[in-house]
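Structural characterization, general
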Amino acid sequence: MLGEGIVKGLIETARNFVGSYVDKDRLVTVQYPEERNPLPEAARNFPFLLYDGDDPEAGLRCVSCHICEKECPPRCIHIEKSTDKKPDFVGKQQFYPKVFNIDVSVCMSCQICVEVCPFDAIRMDKEFELSTDDRFGGLLWTKKELAKPNEYYQKIHPMEAAETDARRAEELKQTQAKAAAAAAAAAAKAAEAAKAAEAAKAGNGAAGKEPSA
Amino acid sequence: MTVSFVLLALLTLSAAVAAMSMPRLIHCALALAVAFTGLGGIFLNLGAEFVGLAQLLVYVGAVAILIVFAILLTRGSEVSMRPGARSAISGTVIALAVFAVLAHAVLTSGVSRMATTAVTPSNRVQEIGVTLLQQYVLPLEVIALLLTAALIGAVILAWREKSPAAQEGAETR
Amino acid sequence: MNGYFAMATGLAERVDQIFVTFDHWAVTNTPEPLRWLVSILLIVVPILAVFPGLFALTTVLERKGLGRIQNRYGPNRVGPYGLLQPIADAVKSLTKEDVVPRTADGVVHYLAPLVIVSTAFLAYAVLPVGRNMIAVHLDAGLLFFFAIGSATELAVFMAGWSSRNKYSLLGAMRAIAQMISYEVPLILSSIAVIMIAGTLSPEKIVLEQAQYTGIFPHWYVFTPWGFAGFLLFMTAAAAETNRSPFDLPEGESEIIAGYFVEYSGFKFALFFLAEYLEIFAVSGLGITLFLGGWSAPLSFLAVIPSWIWFFAKLLVMIGVFIWVRGTMPRLRMDQLMNFAWKFMLPMALIDMVCAGVWRFLPGGALWVVLRWLICAAIIVVPYVALARGLEQGRKIEQRVYRYAEEG
Ligand code: SF4
Ligand code: SF4
């Protein structure tokens, strides 16, 4: 019968209309700036630079190897290498970036820079409210804005951070062990040399000379 | 000759001239619609509400639209042409002849001899209705029949003759 | 007691006529040479102020209503409850760049929105929005309304053709085909009212209906032919104004807004405005013809001013339009035409017959019921038959997908 379906439909929409006022569960909208859904752990938007410790300059992990700059598909990373060096977390002398800029308006959130970085120096942030009314300067993020502490990383991506930290701790341990072993070996060698010198001294007695190091 | 009449007459005439002389057919049709509107305005200006509004409804609302549609459907809107001189003479002759007939009819009818002071009947629309359906009911019916015949004729013309294959297609659809 | 009552009715009368009295006062208190100007301004300015204001209100109401129907909030950011949204929209559309396609026909492209808005405004000239409140006292007011309404088709065509865009041309073609088809039932369904009221003047039609038996009014919608006529009229009106579910000419999903796709900024806003103005105008006419215009629904409610009643009814109609828009999907072109010519037109004709029968059956005591039954039968039987014909023996069933569900 013509009209039956129309009436049925009208009743249905009327029920929705009234229901949306009495039954709050119907309204699934999240009123964004005030309410927000928690982001999933794997959420990512824009890269940032990690540093250890308290000083973003001294602790910056990036060694200015330019890998990410070359791999970034839209080429939005710009790096200038330093001329001097500073020690990294294992104490090795490394270069560091004098300038490290990423253009927010160009970055496409692909995470490739993160994947290629051999030094765990760059990671993706969850922050997505990056809009600004300064179209050029405001969207070009420098080292200062990009650098964030490792604690922050542990907070936003706990699982990933745990994995990275474990790996880095292991690396540190190994280096230290190696250093210790090297030190021990050196010490042993020194001891041996000393012993040999002793023996030599005892042997020719009259020489009485210290072995030169 | 009041100011409003002069304005309306000027509008109607210039629109009519434009309708004949514009290079694009669609513009001509639109100018024609303006001319129709001006004509309706003249009727209204004379106090003939019903006729004026009927003029608007029928000519602007239906005839002009029909013309426009016909032009659109026949790709006439694409070509732009100067009005041809070929048909100018015959056109003028026909127009003059029609005008002569109409003028003759008007001049010999009772209208020209009637008093020129307007009579304002209290309920004009109703009177028109009553006159149409009582005094002139036969012509009205004849016209109605004619229009119906024309309508049916148009339908028959537009009727697509179904080939056996098409019929089959229609059935299996 | 009686004195109080008289005073109350006197006061109500005063409030009812407040605008009329003011108008009169303003005109008589201006010097003679300026009178014509003042009297014209006093008619034009309120129309130019009130109905666009209503338009602004409707845009936000519509979005909120549709939102609620779809279990959303709708606009709620600008101002309290999002009520200032129209202002934001206005600023936006006024400051946008006005883009005219390079191949467009400049003059016609420019004129189309002006024509459509001015014709939309003209229609209000013959709408009685309250007792003694009508802009132009035309004896053939209804005819004026329809004549003006038919000019919008030309404007739509101008817009669609001059844009030189295939979508806008398609939209214009659809619009014209649809408007012509639905103008017929629109006018025919109002003829029933004209037959009963015996006049083409909207004022007199309302006066006819503003009488009461006991406390009940003589609205035409409370008769079988009036009810059917009202439904037919409003359906045709929805189609005439390109309102959903008859919004094929605009079909956003298929021809991206149809005939005004090439309009931007303020011109687009004008089209939008014109569309809503037409909806209000035609709803106002429906109210005038069938819902008793400005008259109160119950006799003792007449103390409330007549213009409030008119606008209350208008708001209800707008609400229904929004409701219907939120409910029904768009028709297909062939369905649209079938519906117009195979259902609406015959029903409108039958409605006229029914009105004639109603008019000539005696209204005596016994006849009241009998007349009702006869007229109702005249409407219902063809309705059922025509509805069957429209379905053409098709049954609407769950759709079976032959290939999609196998995988
Ligand atoms: S996320 Fe992709 S686009 Fe963005 S900086 Fe890294 S590599 Fe470049
Ligand atoms: S962020 Fe990583 S890949 Fe990029 S320059 Fe620094 S160390 Fe190299």
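Residues numbered from 1 in each chain as written. Chains lettered and ligands numbered in written order. Predicted model: local features only at pLDDT ≥ 70, side-chain atom pairs only at ≥ 80, totals over all residues. Heavy atoms only, no water.

All names here are of chain C. Inspection of the secondary structure assignment puts Glu240 in helix α9 (residues 224-240). Notably, Glu240 is buried but unbridged: the nearest opposite-charge side chain belongs to Arg243, and the N-O separation is 14 Å. Each residue touching Glu240, except ones within four places of it in the same chain, is listed here: Glu153, Met179, Tyr182, Glu183 and Leu186. (Helix = DSSP H or I, 4+ residues; strand = E, 2+ residues; numbered from the N terminus. Buried < 20%, exposed > 50% of the residue type's maximum accessible area, 1.4 Å probe, protein only. Lys, Arg positive; Asp, Glu negative; His and termini not counted. Salt bridge = Lys/Arg side-chain N within 4 Å of Asp/Glu carboxyl O. Contact = heavy atoms within 4.5 Å.)

What follows covers the site of ligand 2. With respect to spatial proximity, 13 residues lie near ligand 2, and among them Cys62(A), Cys65(A), His66(A), Cys68(A) and Cys117(A) are the closest. Here the shell around ligand 2 is built from residues that sort into 11 nonpolar, 2 polar and no charged. (Near = heavy atom within 4 Å. Nonpolar A, V, L, I, M, F, W, Y, C, P; charged D, E, K, R; others polar.)

Let us now look at the environment of Val108(C). Topologically, Val108(C) is positioned in helix α5 (residues 106-122). With 96 residues separating them in the primary sequence, Val108(C) and Ala12(C) have C-alpha atoms 50 Å apart. Setting aside anything within four residues of it in sequence, one finds Val108(C) in contact with His27(B), Leu30(B), Met158(C), Ser162(C) and Tyr263(C).

What follows covers the interface of chain A and chain C. Counting residues at the interface gives 19 residues for chain A and 20 residues for chain C. Interface of chain A and chain C: buried area, both sides summed, is about 1,800 Å²; carbon and sulfur atoms make up 61% of it. One can count 1 salt bridge joining chain A with chain C. Across the contact surface, chain A and chain C share 8 residue pairs in polar contact (both at pLDDT 80 or more). Split by residue class, the side of chain A that touches chain C holds 10 nonpolar, 7 polar and 2 charged. (Buried area = accessible area lost by both parts, 1.4 Å probe. Polar contact = N/O pair within 3.5 Å; in protein donor to acceptor, adjacent residues only side chain to side chain.)

This part takes up the sheet that holds strand β2 (residues 77-81) of chain A. Residue and element names in this part refer to chain A. Taking strand neighbours across the sheet as the criterion, the 3 strands line up as β2-β5-β7 in an open arrangement whose pairing is antiparallel. In this open sheet, the two strands that pair with only one neighbour each are β2 and β7 (140-141). As defined by bridge partners, strand β5 (residues 97-103) adjoins β7 across 2 bridges and the pair is classed as antiparallel. Along β7, the bridge assignment pairs Ile102 with Trp141. (Pairing = 2+ DSSP bridges.)

In the region of ligand 1, 13 residues are neighbours, and Cys72(A), Cys107(A), Cys110(A), Gln111(A) and Cys113(A) sit closest. Split into classes, the residues belonging to the shell around ligand 1 amount to 11 nonpolar, 2 polar and no charged.

What follows deals with α5(C). All names here are of chain C. Helix length check: α5 (17 residues) gives 25 Å between terminal C-alpha atoms against 24 Å at 1.5 Å per residue, within 8%. The largest bend along α5 measures about 25° and falls at Ala112, with the proline Pro113 one to four residues further on. Every buried residue of α5 is accounted for by Val108, His109, Ala112, Pro113, Ile116, Val117, Thr119, Ala120 and Phe121. (Expected span 1.5 Å × (residues − 1). Bend = angle between axes of the 7 residues up to and from the residue.)

Let us look at the packing of aromatic side chains. In the structure shown here, the tally under the stated rule is 28 aromatic pairs over all chains. Through a chain of ring-to-ring contacts, the aromatic side chains of Phe55(C), Tyr259(C), Phe260(C), Tyr263(C), Phe268(C), Phe271(C), Phe272(C), Tyr276(C) and Phe280(C) assemble into a single cluster. A cation sits over an aromatic face here: Arg168(A) above Phe89(A), 4.0 Å from the ring centre. The side chain of Arg359(C) reaches across the aromatic face of Phe360(C), ending 5.5 Å from its centre. (Phe/Tyr/Trp six-rings, centres within 6.5 Å; stacked < 30°, edge-to-face > 60°. Lys NZ or Arg CZ within 6 Å of the ring centre and 35° of its normal.)

Residues and elements named next belong to chain C. If you look at the biggest cluster of nonpolar residues, it comprises 125 residues, and the most contacted ones within it are Phe51, Tyr124, Phe146, Tyr182, Trp225, Phe233 and Phe280. Per-element tally for this core: the top contributor is helix α6 (residues 141-162), with 15 residues. Not counting chain neighbours up to four residues away, the residues in contact with Tyr182 comprise Ala236, Ala239, Glu240, Phe246, Leu336, Phe339, Ala340 and Met344. (Core = buried A, V, L, I, M, F, W, Y, C linked by side-chain atoms within 4.5 Å.)

Every contact between the two is made by 25 residues of chain B and, on the other side, 25 residues of chain C. Around 2,200 Å² of area is buried between chain B and chain C when both sides are counted, 75% of it from carbon and sulfur atoms. Among the residues chain B hides against chain C, the three largest losses belong to Leu53(B), Leu57(B) and Ile65(B). Together they make up 25% of the total. For the pair chain B and chain C, the interface holds 0 salt bridges. Applying the counting rule to chain B against chain C returns 0 residue pairs in polar contact (both at pLDDT 80 or more). Contributing elements (two or more residues each) for the side of chain B that touches chain C: α2 (25-45), α3 (49-73) and α5 (124-134) of chain B. Per-element tally for the side of chain B that touches chain C: the top contributor is α3(B), with 14 residues.

On to the domain arrangement of chain A, then. Residues and elements named next belong to chain A. On domain assignment, one finds that chain A holds domain 1 (46-156) and domain 2 (158-202). Contacts between the two partners involve 12 residues from domain 1 and, on the opposite side, 10 residues from domain 2. Across the interface of domain 1 and domain 2, roughly 990 Å² is buried in total on both sides, 47% from carbon and sulfur atoms. When the area that domain 1 buries against domain 2 is broken down by residue, the three leading residues are Phe89, Asp120 and Tyr153, summing to 50%. At the boundary of domain 1 with domain 2, the tally comes to 2 salt bridges. A salt bridge links Asp52 to Arg168, with the nearest nitrogen and oxygen atoms 3.3 Å apart. There are 6 residue pairs in polar contact (both at pLDDT 80 or more) connecting domain 1 and domain 2. With 5 residues, the top contributor of residues to the side of domain 1 that touches domain 2 is helix α5 (residues 150-156). (Domains from an automatic or database assignment.)

What follows concerns the sheet that holds strand β6 (residues 122-125) of chain A. Residues and elements named next belong to chain A. Strand order across the open sheet formed by 3 strands is β6-β1-β8, with mixed pairing between neighbours. A single partner strand is all that each edge strand has here, and the edge strands are β6 and β8 (147-149). Across the sheet, the mean angle from the axis of one strand to that of its neighbour is 55°, orientation sign disregarded. Looking at chain direction, strand β1 (residues 46-51) and β6 are connected through 4 bridges and run antiparallel. From the neighbouring strand, Leu49 faces β6, where its bridge partner is Ile122. (Axes fitted to C-alpha atoms, helices over the stretch in contact; angles between N-to-C directions.)

Despite not being glycine, Arg75(A) shows a phi value in the positive range, around 55°. Along the chain, Arg75(A) falls in the loop between α2 (67-71) and β2.

Time to look at the packing of α5(C) against α6(C). All names here are of chain C. As a packed pair, α5 and α6 sit with axes 8 Å apart at the nearest point and diverge in direction by 160°. Regarding the angle of α5 to α6, the classification is roughly antiparallel. Where α5 crosses over α6, the handedness of that crossing is left-handed. Along the contact surface, α5 presents Val108, His109, Leu111, Ala112, Val115, Ile116, Thr119 and Leu122, while α6 presents Phe144, Ile148, Ala151, Thr152, Ala155, Val156, Met158, Ala159 and Ser162. Tallied by class, residues from the contact of α5 with α6 come to 13 nonpolar, 4 polar and no charged. (Parallel < 35°, antiparallel > 145°, perpendicular 65-115°, else oblique. Left-handed = near helix turned anticlockwise from the far one by under 90°.)

This brings us to the side chain of Arg168(A). Residue and element names in this part refer to chain A. By the secondary structure assignment, Arg168 is in helix α6 (residues 158-204). According to the relative accessible area criterion, Arg168 is buried, its value standing at 8%. Looking at Arg168, its side chain comes within polar contact range of the main-chain oxygen of Phe119, at 3.3 Å. Apart from the residues lying within four places of it in its own chain, the contact partners of Arg168 are Asp52, Arg61, Phe89, Phe119 and Asp120.

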